[in-house]
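# Coordinate analysis (summary)
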Amino acid sequence: MAFGIDALSFPNRKFKIFILFILGTILVVTWATVNRNRTVTLNEGRISQRVLDDLKKDLEKFNIEINEKIRPLDLRITNLENKDRKYPPVKYLAEKDRKRILITGGAGFVGSHLADALVMAGHEVTVVDNFFTGRKRNIEHWIGHENFDLLNHDVVEPLLLEVDQIYHLASPASPPNYMYNPIKTIKTNTIGTLNMLGLAKRVHARLLLASTSEVYGDPEKHPQREDYWGHVNPIGPRACYDEGKRVAETMCYAYAKQEHVEVRVARIFNTFGPRMHMNDGRVVSNFIMQALEGKPLTVYGSGKQTRSFQYISDLVNGLILLMNSNFSEPVNIGNPSEHTIMEFAEMIRDAVGGKTPILNLAKMEDDPQRRKPDITRAKVILGWEPQVSLNIGLNRTIEYFRRELDKSKKSKLVDL
Ligand code: NAD
Ligand code: UDP
Ligand code: UDP
């Protein structure tokens, strides 16, 4: 015992403290290393404490940096909401009356006006468009609104959404546009419609197809009633559109019969109004632009062929009434007031106030010679008929094109 005490007390006190200090340091370092390499379970994976600490540090640094960057953006959004962002007035609808509505082709001429009417009525609207002929500016006044969504999507590809109603408008509509890429026109009207019907089937939504008076082709019956089967050249230049829409109608009724999808088919006749594309080649935009720019009005063929023109707001009302009706057979939506294209050219020239000549150019192949809707069905079933006269509609449209022309002249000046 005495040896032990002596042996312990042999080294001097300073040396003992030194040994204890070394042992203590080894202990602390070992503990810290073990602890840092200790693995921590995060959900499914395992991660070392060291990696976790490093991650935390990086995250803190990142948070500080990102907050600095976001602050000015937050302020900008608040400012936009506060003063610069003024949305058109929107009605409040109770949850049970508010519908989730998809409009394919909603950035186009008809679709954008329909989106306006439905958002303003208090519904939640999703516009799907591939911007082939549509433009963001047609619907930009809704971007950021809580009841509005915009998806850049091609309906030829499948689409997964949850909606109550689908207005299926996606398709080029003007002859130069649909003839530009006939294969794409066929795909859009067939595969695109199939996809939208598949969507409608899955989510039990009602689908309204924007069909066309072109399903009657170059009609041999006048005026055209819905029970007329039409006179279409299946291999002519218009076939990609005419037959595409005819198949689209066929698919609607196949899904209605076999899968119990609720369908509505609107056979739309020539429609005009603001937001038609300046260069889309349709007769109204062509004549108005030509008259405003003092260029000759180009009449294709003799100008004796007829059309019946409806104003856009009448069409939008008709589409909404049809969608919400209980009627599933096709319904003509158009204005029966019929004019020759030559009369129409003179009317537009007079309304614009110019004295430009009218020029007869070559006739278009397979151009339908007479077109006028019989709207008895729409009147009886929907209580719908056009309200806006051709004169009033034309004046509003001319005003719109005048402003568009001024804007594009100004932007060209700025470019110079
Ligand atoms: P529009 O060209 O202005 O609009 C069509 C819209 O569909 C555009 O926004 C275009 O980008 C979009 N679109 C085209 N292909 C698409 C695709 N594959 N995927 C997603 N979006 C696509 O034409 P509009 O006059 O507004 O016509 C709308 C609908 O009404 C069309 O189905 C047309 O056939 C029908 N219609 C219009 C008229 C009329 O006189 N305006 C007459 C009869 C039928
Ligand atoms: N489809 C879609 N969205 C959906 C459901 C279906 O785009 O929510 C498409 C689907 O990709 C298919 C088409 O719609 O190509 C037809 O669908 P359906 O269920 O009728 O046919 P199936 O898938 O059985 O061929
Ligand atoms: N049209 C015309 N000049 C033009 C554009 C069209 O004479 O610059 C004629 C066209 O031949 C057709 C009618 O106007 O007879 C309507 O043409 P649009 O392309 O507007 O529509 P459609 O009813 O033929 O689809």
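That block above? That's the structure.
Each value, and the rule that gives it
- Residues numbered from 1 in each chain as written.
- Chains lettered and ligands numbered in written order.
- Predicted model: local features only at pLDDT ≥ 70, side-chain atom pairs only at ≥ 80, totals over all residues.
- Heavy atoms only, no water.
- Helix = DSSP H or I, 4+ residues; strand = E, 2+ residues; numbered from the N terminus.
- Contact = heavy atoms within 4.5 Å.
- Near = heavy atom within 4 Å.
- Polar contact = N/O pair within 3.5 Å; in protein donor to acceptor, adjacent residues only side chain to side chain.
- Areas by Shrake-Rupley, 256 points an atom, 1.4 Å probe, with all protein chains shown as cover.
- Nonpolar A, V, L, I, M, F, W, Y, C, P; charged D, E, K, R; others polar.
- Patch = residues over 30% accessible without salt bridge, like charges linked within 9 Å, V, L, I, M, F, W, Y side chains within 5 Å.
- Salt bridge = Lys/Arg side-chain N within 4 Å of Asp/Glu carboxyl O.
- Expected span 1.5 Å × (residues − 1).
- Bend = angle between axes of the 7 residues up to and from the residue.
- Buried < 20%, exposed > 50% of the residue type's maximum accessible area, 1.4 Å probe, protein only.
- Pairing = 2+ DSSP bridges.
- Axes fitted to C-alpha atoms, helices over the stretch in contact; angles between N-to-C directions.
- Left-handed = near helix turned anticlockwise from the far one by under 90°.
- Parallel < 35°, antiparallel > 145°, perpendicular 65-115°, else oblique.

### Topic: the environment of N324
- Structurally, the position occupied by N324 is in the loop between α9 (312–323) and β13 (331–333).
- Taking C-alpha positions, N324 is 9.2 Å from R206, a pair spaced 118 residues apart along the chain.
- Residue contacts for N324: discarding those within four places in its chain leaves Q165, Y167 and R206.

### Quick look at the site of ligand 3
- Taken together, 18 residues surround ligand 3, and among them V283, T298, R307, D367 and R371 come closest.
- Residue R238 places a side-chain N or O atom 3.1 Å away from an oxygen atom belonging to ligand 3.
- For ligand 3, an oxygen atom lies 2.8 Å from a polar atom in the side chain of N286.
- The fraction of the free accessible surface of ligand 3 (510 Å²) that becomes covered by protein chains is 96%.
- Counting residues per element, the ones that place at least two in the shell around ligand 3 are α8 (283–292) and β10 (297–300).
- For the shell around ligand 3, a count of residues per class yields seven nonpolar, five polar and six charged.

### Things to note about a nonpolar patch on the surface
- On the surface, F15, F18, I19, L20, F21, I22, L23 and I26 cluster together to form a nonpolar patch covering roughly 810 Å² of accessible area.
- On the secondary structure map, L20 appears in helix α2 (residues 13–37).

### Overview of helix α6 (residues 182–203)
- With 22 residues, α6 extends 31 Å from end C-alpha to end C-alpha; this agrees with the ideal 32 Å at 1.5 Å per step.
- Taking the largest bend as the criterion, α6 deviates by roughly 25 degrees, centred on T188.
- Here α6 has its buried residues at T185, T188, N189, T190, G192, T193, N195, M196, L197, L199, A200 and V203.
- Elements in contact with the buried residues of α6: β3 (100–104), β6 (165–168), α5 (175–180), β7 (206–212), α7 (239–259) and β8 (263–268).
- Once α6 ends, the next one or two residues include H204, with phi positive near 60 degrees.

### Thoughts on the site of ligand 1
- Lining the immediate environment of ligand 1, one finds 29 residues, of which V110, D129, T133, L169 and Y241 sit closest.
- In this structure, an oxygen atom belonging to ligand 1 sits 2.9 Å away from a main-chain N or O atom of F132.
- In the complex, 96% of the free accessible area of ligand 1, which totals 820 Å², lies under the protein chains.
- Elements that contribute at least two residues to the shell around ligand 1 include exactly α4 (109–120), β7 and α7.
- Ranked by residues supplied to the shell around ligand 1, first place goes to β7 with three residues.
- For the shell around ligand 1, the per-class residue count stands at 13 nonpolar, twelve polar and four charged.

### Quick word on the environment of Y300
- Its place among the elements puts Y300 in strand β10.
- For Y300, a relative accessible area of 29% puts it in the partly exposed group.
- Once the C-alpha coordinates of Y300 and M342 are considered, the two residues, 42 residues apart in sequence, prove to be 9.4 Å apart.
- Apart from residues no more than four positions distant in its own chain, Y300 is found in contact with N286, Q305, L361, A362, K363 and M364.

### As for the sheet that holds strand β4 (residues 124–129)
- The strand order across the open sheet built from seven strands is β5-β4-β3-β6-β7-β8-β13, with neighbouring strands paired in parallel fashion. In the strand order of this sheet, the two ends are held by β5 (148–152) and β13, each with one partner. In this sheet, neighbouring strand axes are inclined to one another by 20 degrees on average, regardless of whether the strands run parallel or antiparallel.
- The sheet contact formed by β6 and β7 spans four bridges and is parallel. Looking at the pairing, H168 lines up with L209 of β7.
- Relative to the sheet, α7 contacts β7 and β8, its axis offset from that of β7 by approximately 155 degrees.

### Here we look at the packing of α4 against α9
- Orientation of α4 relative to α9, taken along the N-to-C sense of each, is 65 degrees, at an axis distance of 10 Å. The element α4 and its partner α9 pack so that their crossing is right-handed. Contact with α4, carried on its side by F109, V110, H113, L114, A117 and L118, involves I312, L315, V316, L319 and I320 of α9 and no other residues of that element.
- Across the contact of α4 with α9, the residue classes break down as ten nonpolar, one polar and no charged.

### Focus: the packing of α6 against α7
- Packing of α6 against α7 leaves a shortest axis separation of 9 Å and a crossing angle of 15 degrees. The angle between the axes of α6 and α7 places the two elements in the roughly parallel class. Crossing hand, α6 versus α7: right-handed. Listed contacts from α7 to P182, T185, I186, N189, T190, T193, L194, L197, G198 and K201 of α6 are C240, Y241, G244, K245, V247, A248, M251, C252, Y255 and E259.
- Counted by class, the contact of α6 with α7 contains eleven nonpolar, six polar and three charged residues.

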